Amino acid sequence: MVNWTNARDIIAFWLLGLCNNYGYVIMLSAAEDILDNQKGTGSTNTSNTCETGLTSRHCNSVSAGAVLLADNLPALVVQTTFPFFMHRFPFGFRAVIVFVLQAASYFIVAYSGSIAMSLAGVCMASLGQGIGEITFLAMAAHYVPGTIASWSSGTGGAGLIGSFSYAFITQAGLSPSNTLLAQLFIPVLFAGAYFFLLTIPPTVYSPTFNPKTWIIPDNYDRDVFEAAEARGDVLNTKKVPQRELGVMERLKLIVPLLYLMIPLATVYCAEYMINQGLTELIIFNCSQGLNLPLSSQYRWYQVLYQLGVFISRSSVKFFEMPLWLIWCLPILQCANMVFFFFEAVYWFTPTIIIIFSLIVFEGLLGGSAYVNTYNKIHKKVSPDVREYSLSAASMGNSLGTNIAAFLSIPLYNWVCGMKPPHR
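Per chain, residue numbering runs from 1 following the sequence as it is written. Totals for whole chains, interfaces and linings use every residue, but because this is a predicted model, local features are given only for residues with pLDDT of at least 70 and side-chain atom pairs only at 80 or more, for both listing and counting. The side-chain figures draw on all heavy atoms in the structure; neither hydrogens nor water molecules are used.

Rules: UniProt positions are given in the numbering used here, feature names are shortened, and annotations may be inferred rather than shown by experiment.
The name recorded for the chain in an unreviewed UniProt entry is Battenin, from Caenorhabditis briggsae. In UniProt, the chain has this text filed under Sequence similarities (unreviewed entry): "Belongs to the battenin family."

This is how it looks when you write it as structure tokens:
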């Protein structure tokens, strides 16, 4: 018999994952357009026709790595600091902050008149994504384990739907600014999923309009369970009372997670070196590039990468990776990065189809690392520290992405300074 409460929660977590990462994905998919639109003159990469011969590398003065940095550095700050105090703020309060940041980011980037303003809007999307990720990964401790798989699948869906919708709509002729404004229904969907679809168990603290209730009391979990036990009630939750942790205890709890966090960080570092440092430099002429314009090639790289991410992030219900296979993922992704580096330098691949296939593979590796890492943590850590452990582990992917953002900018500039091969 179907448990409709659990079904509602699983659907809600899928939608929350979708909406939480949607803005982040849109900003990365629009990276070249965000930079091109602020130059005052058209970029060489924005032509709507393919090029029969390539005689230059078609570099931007500011690489997409700058957008990656703005799209990730705020999230890194959030994910490395907020787990130490965010547990005192109600989940509903955090959801409102995420909603506001999401909506503001679309407006600011769409109406921006400078690169600085555009990057400020991207930073807002990053803040919202970072707060949302540590919030809902922690919140999953209150629900059935299937919510982790659902959240991961939703974030993968954000990548696929977001990148495809941006590529398709802009290819159809709508301007990048209007395309961003057309995505404003996403924050509304996010609010609906949290406030109307998701069921809130009694272990999730619910504040009132009284400001005195806006901080979660100490030992709230224990008080709820003791009160229910005194009444003889059985709480509809998968959570156990969470241990009260000091700063040093929280730091010590990160150490047992490093065997999963380090591989995840390595996969993400290699992954985003490819996406934002190298694929911009991999371009094809008409005969080798399926007659795609240069700007469309970059957009479809993003779509296919997100397709791989979506498939793998949705796979954990069918196949859970053993630990040894999780540890193989960084090796495979680093090998991928080496291939893309030499391709960016020498342009030796005869057709864009090969690059498309490898980008799907890259996404499969990244998505598998993400979903299997959090699934392992949810199942393996002690239940009384599960909420903190799930939020703290997000430092791994965020740190890897930010290292890639810092490294991709000088790498991009170095390759751009090289003489282009013939294609």
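Picking up after the structure, the text goes on.
**Things to note about the overall build of the chain**
Put simply, the rule reads: Note on conventions: DSSP H or I runs of at least 4 residues are helices, E runs of at least 2 residues are strands, and numbering of each starts at the N terminus. When a residue's accessible area, from a 1.4 Å probe over protein chains only, is under 20% of the maximum for its type it is buried; when over 50% it is exposed; and in between it is partly exposed. Contacts are assigned to residue pairs that have any heavy atoms within 4.5 Å of one another. To measure how exposed things are, a 1.4 Å probe is used in the Shrake-Rupley method; for residues, cover is taken only from the protein chains shown.
Helix and strand content of the chain: 16 helices and zero strands. Counting every position in the chain, which comprises 423 residues, the buried fraction comes to 57%. Partitioning the intrachain contacts of the chain with sequence separation of at least 6 by distance along the chain shows that 85% fall at a separation of at least 24. Counting every atom, the chain has about 16900 Å² of accessible surface; 70% of that belongs to carbon and sulfur.

**Structural notes on the packing of aromatic side chains**
Put simply, the rule reads: Stacked, tilted and edge-to-face pairs are distinguished by plane angle, under 30 degrees for stacked and over 60 for edge-to-face with tilted covering the rest, among Phe, Tyr and Trp rings (Trp via its six-membered ring) whose centres lie within 6.5 Å.
Per the stated rule, a full pass over the model turns up 20 aromatic pairs. On the basis of an interplanar angle of 80 degrees and a centroid distance of 6.5 Å, the ring pair of Phe-85 and Phe-89 is categorised as edge-to-face. When its relative accessible area of 37% is taken as the criterion, Phe-85 is described as partly exposed. Here the aromatic residues Phe-136, Trp-151, Phe-190, Tyr-194 and Phe-195 are joined through ring pairs into a cluster of three or more.

**Details of the environment of Cys-286**
Its location among the elements puts Cys-286 in the loop between helix 11 (258–278) and helix 12 (294–313). Setting aside residues up to four positions removed in sequence, Cys-286 forms contacts with Cys-50, Glu-51, Thr-52 and Asn-291.

**Focus on the packing of helix 4 (residues 91–110) against helix 8 (residues 185–197)**
Two quantities define a packed helix pair, namely the angle between the helix axes and the distance between the axes. In plain terms, the rule: Axis lines are fitted to C-alpha atoms, over the contacting stretch for helices. Their N-to-C directions set the angle, which ranges from 0 to 180 degrees. Here the word oblique covers every angle except those under 35 degrees (roughly parallel), over 145 (roughly antiparallel) and from 65 to 115 (roughly perpendicular).
Where helix 4 contacts helix 8, the axes come no closer than 9 Å and their chain directions differ by 170 degrees. Judged by the angle between their axes, helix 4 and helix 8 are roughly antiparallel. Only Ile-186, Pro-187, Val-188, Phe-190, Ala-191, Tyr-194 and Phe-195 of helix 8 make contact with helix 4, whose side of the interface consists of Phe-91, Gly-92, Ala-95, Val-96, Val-98, Phe-99, Gln-102, Ala-103 and Tyr-106.

**Considering the environment of Thr-266**
Note that Thr-266 resides in helix 11. Taking the C-alpha atoms as reference points, Thr-266 and Gly-396, separated by 130 residues in sequence, lie 8.5 Å from one another. For Thr-266, the contacting residues outside a window of four places in its chain are Pro-330 and Cys-334.

**Section: the environment of Phe-190**
Looking at the secondary structure, you find Phe-190 in helix 8. Residue Phe-190 is classed as buried on the basis of its relative accessible area, which comes to 0%. Note: C-alpha distance between Phe-190 and Val-96 (94 residues apart in sequence) is 9.7 Å. Residues contacting Phe-190, with those up to four places away along its chain left out, are Leu-16, Cys-19, Ala-95, Val-98, Phe-99, Gln-102 and Phe-136.

**Concerning the side chain of Ser-153**
Rules: Under the rule applied, a polar contact is a pair of N or O atoms within 3.5 Å (in protein, one hydrogen donor and one hydrogen acceptor; residues adjacent in sequence only if both atoms are side-chain atoms).
Locating Ser-153 in the fold gives a position in helix 6 (residues 146–171). Accessibility expressed as a relative area gives 10% for Ser-153, which makes it buried. A polar side-chain atom of Ser-153 sits 3.0 Å from a polar atom in the side chain of Trp-14. Contacts of Ser-153, omitting those with residues within four sequence positions, involve Trp-14, Phe-310, Arg-313 and Ser-314.

**What to know about the state of the cysteines**
One covalent bond between the sulfur atoms of two cysteine residues makes up a disulfide. This is how it is decided: When two cysteine sulfur atoms lie within 2.5 Å, the pair is treated as a disulfide.
All told, the structure shown has zero disulfides when counted by the stated rule. Cys-269 provides the cysteine sulfur closest to Cys-334, a residue in no disulfide bond, and the two sulfurs are 7.5 Å apart.

**Things to note about the packing of helix 11 against helix 13 (residues 323–346)**
The test is simple: Crossing handedness is read from the near helix: turned anticlockwise from the far helix by less than a right angle, it gives a left-handed crossing, and turned clockwise, a right-handed one. In the scheme used here, Gly and all other residues not listed as nonpolar or charged are polar, with Ala, Val, Leu, Ile, Met, Phe, Trp, Tyr, Cys and Pro taken as nonpolar and Asp, Glu, Lys and Arg as charged.
Between helix 11 and helix 13, whose axes approach to 9 Å, the crossing angle comes to 20 degrees. Comparing their axes, helix 13 and helix 11 come out roughly parallel. For the pair helix 11 and helix 13, the sense of crossing is left-handed. Of the residues in helix 13, those touching helix 11 at Tyr-259, Leu-260, Pro-263, Thr-266, Val-267, Ala-270, Glu-271, Met-273, Ile-274 and Leu-278 are Leu-323, Ile-326, Trp-327, Leu-329, Pro-330, Gln-333, Cys-334, Asn-336, Met-337, Phe-340, Phe-341 and Ala-344. Looking at side-chain class alone, the contact of helix 11 with helix 13 contains 18 nonpolar, three polar and one charged residues.

**Focus: the UniProt feature "transmembrane region" (unreviewed entry) in the chain**
In this numbering, the UniProt entry assigns the feature "transmembrane region" (unreviewed entry) to residues 12–31, 91–112, 119–142, 148–168, 180–200, 253–274, 323–342 and 348–371. Between the C-alpha atoms that bound residues 180–200 the distance is 32 Å, and the span itself is 71% helix and 0% strand. Between the end C-alpha atoms of residues 253–274 the distance is 32 Å, and the span holds 86% helix and 0% strand.

**Some details on helix 6**
For clarity, the threshold we go by: A helix is expected to span 1.5 Å for every residue after the first.
The end-to-end C-alpha distance of helix 6, which contains 26 residues, comes to 37 Å, matching closely the 38 Å that a straight helix rising 1.5 Å per residue would cover. The element helix 6 is largely enclosed, with a buried count of 20 among its 26 residues.

**Observations regarding a nonpolar patch on the surface**
To keep things clear, this is the line we draw: Like-charged residues are merged into a patch within 9 Å and nonpolar side chains (Val, Leu, Ile, Met, Phe, Trp, Tyr) within 5 Å, provided each residue has over 30% relative accessible area and no salt bridge. A side-chain nitrogen of Lys or Arg and a carboxyl oxygen of Asp or Glu constitute a salt bridge if their distance falls within 4 Å.
Together, Val-96, Phe-99, Val-100, Val-188, Phe-195 and Phe-196 make up a nonpolar patch on the protein surface, roughly 590 Å² of accessible area in all. Every element with two or more residues in the nonpolar patch is listed here: helix 4 and helix 8.

**Structural notes on the side chain of Asn-372**
Position of Asn-372 among the secondary structure elements: in helix 14 (residues 352–380). For Asn-372, a relative accessible area of 2% corresponds to the buried category. A polar contact of 2.9 Å, which involves the side chain of Asn-372, links it to the backbone nitrogen of Met-321. Non-local contacts of Asn-372, meaning those with residues more than four positions away in its chain, are made with Val-316, Phe-319, Glu-320, Met-321 and Ile-326.

**Quick word on helix 4**
With 20 residues, helix 4 should cover 28 Å at 1.5 Å per step; its first-to-last C-alpha distance of 29 Å lies within 8% of that length. Looking at helix 4, one finds that the buried residues are Phe-91, Gly-92, Arg-94, Ala-95, Val-98, Leu-101, Gln-102, Ala-103, Ser-105, Tyr-106, Val-109 and Ala-110.

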